[in-house]
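For reference, the chains in residue letters:
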Amino acid sequence: MSTTTISVTGNDAYDISIGRGILDQVSAALAPGVRKILVVHPPTLAARAAELRDRLLADTAEGPREVLLAEIPDAEQGKRIEVAAFCWQVMGQADFTRSDAVVGYGGGSVTDLAGFVAATWLRGVQLIQVPTTVLGLVDAAVGGKTGVNTAEGKNLVGAFWAPSTVVGDLDELASLSPNEATAGFAEVVKAGFIWAPEILDIVEADPARAVDPTTDEFRRAIELAIDMKAKVVSDDFREAGLREILNYGHTLGHAIEHAERYRWRHGAAISVGMLYAAELSRLAGRLPDAAAERHRTILESLGLPTSYRAGAWKQLLATMQRDKKSRGGMLRFILLDDIAKPTVLQAPDESLMFAAYQEVGS
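Note that the coordinates shown come from a computational prediction; the quantities given were computed from them, not determined experimentally. (Residues numbered from 1 in each chain as written. Predicted model: local features only at pLDDT ≥ 70, side-chain atom pairs only at ≥ 80, totals over all residues. Heavy atoms only, no water.)

Undergrad: Which parts of the structure should I look at to understand the overall build of the protein?
TA: Scanning the protein from N- to C-terminus turns up 14 helices and 11 strands. Relative to its length of 362 residues, the protein is compact, with a C-alpha radius of gyration of 20 Å against a globular reference of 21 Å. Oriented by its inertia axes, the alpha-carbon framework of the protein measures out at about 65 × 40 × 35 Å. Across the 362 residues that make up the protein, the buried fraction comes to 57%. In the protein, the share of contacts with a sequence separation of at least 24, taken over all contacts with a separation of at least 6, comes to 73%. Working note: accessible area of the protein is about 14,100 Å², and carbon and sulfur atoms make up 50% of it. (Helix = DSSP H or I, 4+ residues; strand = E, 2+ residues; numbered from the N terminus. Rg over C-alpha atoms; globule rule 2.2 N^0.38 Å. Buried < 20%, exposed > 50% of the residue type's maximum accessible area, 1.4 Å probe, protein only. Contact = heavy atoms within 4.5 Å. Areas by Shrake-Rupley, 256 points an atom, 1.4 Å probe, with all protein chains shown as cover.)

Set out below in structure tokens:
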């Protein structure tokens, strides 16, 4: 099957390639002056990262490349400043210059960390993202937001740094477990709720095929979600306006992740967060009942969670108030006036927020 190219435009323009068996595009995307490459990867991809290193070791007209592997802890444990410092140490000892490159090879946490390392080393080196999970491909690797977590919350420290390209080889996703594919698909469904209803139609027609990385339905849904994010990011790279809609479900979702010490998968937490946002929209008199119920039906059809501990509200509220999406101490939620009609609600009444939580508390 052919390669699909989706472009992010603007001052930090780049292409996202989606296809099968396209890993050779990583080497082709390296700038002519690159001599040293740091491939950041999780332990689970150690063997495949070594294979990618071999692909990148080809001699160039100006001499051979040096490719170093930086294995970092899996999932959110890899998104710590100490891990970034480890990568900086590797680069410093190898004398990486501003004309060298970083490759993020892994899921969303890996691409977030790799992007942060690339943005901060010598104030910015070339970054190529090679996401190997659904979440990484449709969300973390696209958009140029990088970051690490702190004890106080998720992604509170970071930088905007656009990759030079994103290589989305769907063959890299084929080995994902059904649970991993489904959890990552929560971000795809989010794109359906806020922008591209065709995604919701695909899921409703056959949930199992929608989340199977080998199917045409999966590829179509993925491409729709990436196209949505590319358009939003092109319009608003630094989250000054339109890009805020991508936070749908994330205000409560990030608080749940923090409460669970990141043991919950991101997509699972965002699933609960989206249903909460839908119920908040409904109780605020914005979202029709049927549209709110459609959230619950679609998320449950995928096996994603739609509830969280009833007694956790005070803890979650305190975390949300510290969240980076809060402005001037006032909470901001992305809500819906209808499917694909996102809007902003600032400083909602606490009683309204609590009432909405009763619809997801268990």
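After that view, the rundown keeps rolling.
Undergrad: Would you take a moment to explain the side chain of Gln126 for this structure?
TA: You can see Gln126 is positioned in strand β6 (residues 126–131). In terms of polar contacts, Gln126 uses its side chain to reach the backbone carbonyl oxygen of Ala29, at 2.9 Å. Beyond its immediate chain neighbours, meaning those up to four positions away, Gln126 contacts Ala29, Leu30, Ala31, Val34, Asp100, Ala101, Val102, Ala118 and Ser164. (Polar contact = N/O pair within 3.5 Å; in protein donor to acceptor, adjacent residues only side chain to side chain.)

Undergrad: Would you take a moment to explain the packing of aromatic side chains for this structure?
TA: Note on aromatic pairs: each is described by the distance of the centres and the angle between the planes. Counting across every chain of the model gives eight aromatic pairs. Three or more aromatic residues joined by ring pairs form one cluster here, namely Tyr276, Trp313, Phe333, Phe354 and Tyr357. (Phe/Tyr/Trp six-rings, centres within 6.5 Å; stacked < 30°, edge-to-face > 60°.)

Undergrad: Sorry if this is basic, but what is going on with the packing of helix α11 (residues 266–283) against helix α12 (residues 289–301) here?
TA: At a minimum axis distance of 9 Å, the contact between α11 and α12 shows a crossing angle of 170 degrees. For the element pair α11 / α12, the angle class is roughly antiparallel. Two secondary-structure elements touch here, α11 through Ser271, Met274, Leu275, Ala278, Glu279 and Arg282 and α12 through Asp289, Ala292, His295, Arg296 and Leu299. Across the contact of α11 with α12, the residue classes tally to five nonpolar, two polar and four charged. (Axes fitted to C-alpha atoms, helices over the stretch in contact; angles between N-to-C directions. Parallel < 35°, antiparallel > 145°, perpendicular 65-115°, else oblique. Nonpolar A, V, L, I, M, F, W, Y, C, P; charged D, E, K, R; others polar.)

Undergrad: Teacher, can you tell me more about unusual backbone geometry here?
TA: Most peptide bonds take the trans configuration, and most residues that are not glycine carry a negative phi. Notably, Asp95 is not glycine yet its phi reads approximately 60 degrees, a positive angle. Tracing the backbone shows Asp95 in the loop between α3 (81–93) and β5 (101–106). With phi around 60 degrees, Arg123 is a residue other than glycine that occupies positive phi space. Mapped onto the secondary structure, Arg123 falls in the loop between α4 (108–120) and β6. For Arg123, a relative accessible area of 73% gives the class exposed.

Undergrad: Explain the sheet that holds β6 here, please?
TA: Strand pairing in a sheet relies on backbone hydrogen bonds. The paired strands run either parallel or antiparallel. Taken in spatial order, the seven strands make up an open sheet running β1-β2-β9-β6-β5-β3-β4, and their pairing is mixed. Because the sheet does not close on itself, it has two edges, and the strands there are β1 (4–8) and β4 (66–71). Shown here is a sheet whose adjacent strand axes are inclined to one another by a mean of 15 degrees, direction ignored. As judged from the five bridges shared by strand β2 (residues 14–19) and strand β9 (residues 165–169), these two strands associate in the parallel manner. Within β9, the position partnered with Ile16 by the bridge is Val166. (Pairing = 2+ DSSP bridges.)

Undergrad: Please explain the packing of α11 against helix α14 (residues 350–357) as it appears in this structure.
TA: Helix packing for two helices is described by the angle between their axes and how far apart those axes are. With their axes 8 Å apart at the nearest point, α11 and α14 run at an angle of 125 degrees to one another. Relative to α14, the element α11 is oriented oblique. Relative to α14, α11 is oriented so that their crossing is right-handed. Every residue of α14 that contacts α11 at Tyr276, Glu279, Leu280 and Leu283 is listed here: Leu352, Met353, Ala355, Ala356 and Tyr357. For the contact of α11 with α14, the class distribution of residues is eight nonpolar, no polar and one charged. (Left-handed = near helix turned anticlockwise from the far one by under 90°.)

Undergrad: Looking at this structure, how should I read the environment of Asp95?
TA: Judged by its relative accessible area of 53%, Asp95 falls in the exposed class. Ignoring any residue separated from it by four or fewer positions in sequence, one finds Asp95 in contact with Lys36 and Asp100.

Undergrad: Could you clarify how one ought to interpret the side chain of Lys154 in this entry?
TA: Mapped onto the secondary structure, Lys154 falls in strand β8 (residues 153–160). Looking at Lys154, its side chain comes within polar contact range of the side chain of Glu257, at 2.8 Å. Among residues more than four places away in sequence, those in contact with Lys154 are Glu76, Lys79, Asn149, His254, Glu257, Tyr262 and His266.

Undergrad: I'm lost on the pairing of β5 in this one. Help?
TA: On a regular strand, one side chain projects to one face of the sheet and the next to the other, so that they alternate. Counting buried positions over the six residues of β5 gives six, a clear majority of the element. Direction of pairing for strand β3 (residues 36–41) relative to β5: parallel, over a ladder of four bridges. Counted as the bridge partner of Val40 is Gly104 from β5. Relative to β6, β5 runs parallel, the two sharing six bridges. Among the inter-strand pairings, Val103 is bridged to a residue of β6, identified as Ile128. Each parallel crossover has a hand, and the one from β5 via α4 to β6 is right-handed. (Right-handed = clockwise from strand over helix to strand, strands pointing away.)

Undergrad: Could you clarify how one ought to interpret the nonpolar core in this entry?
TA: Considering soluble globular proteins, one finds that nonpolar side chains tend to be buried as a cluster. With 80 residues, the main nonpolar core has Phe185 and Tyr276 as its most contacted residues. Looking at which element gives the most residues to this core, the answer is helix α9 (residues 216–235), with 10 residues. Counting residues in hydrophobic clusters, the runner-up holds 22 residues, among them Phe96, Val102, Ala114 and Trp121. (Core = buried A, V, L, I, M, F, W, Y, C linked by side-chain atoms within 4.5 Å.)

Geometric values such as these leave the question of function open.
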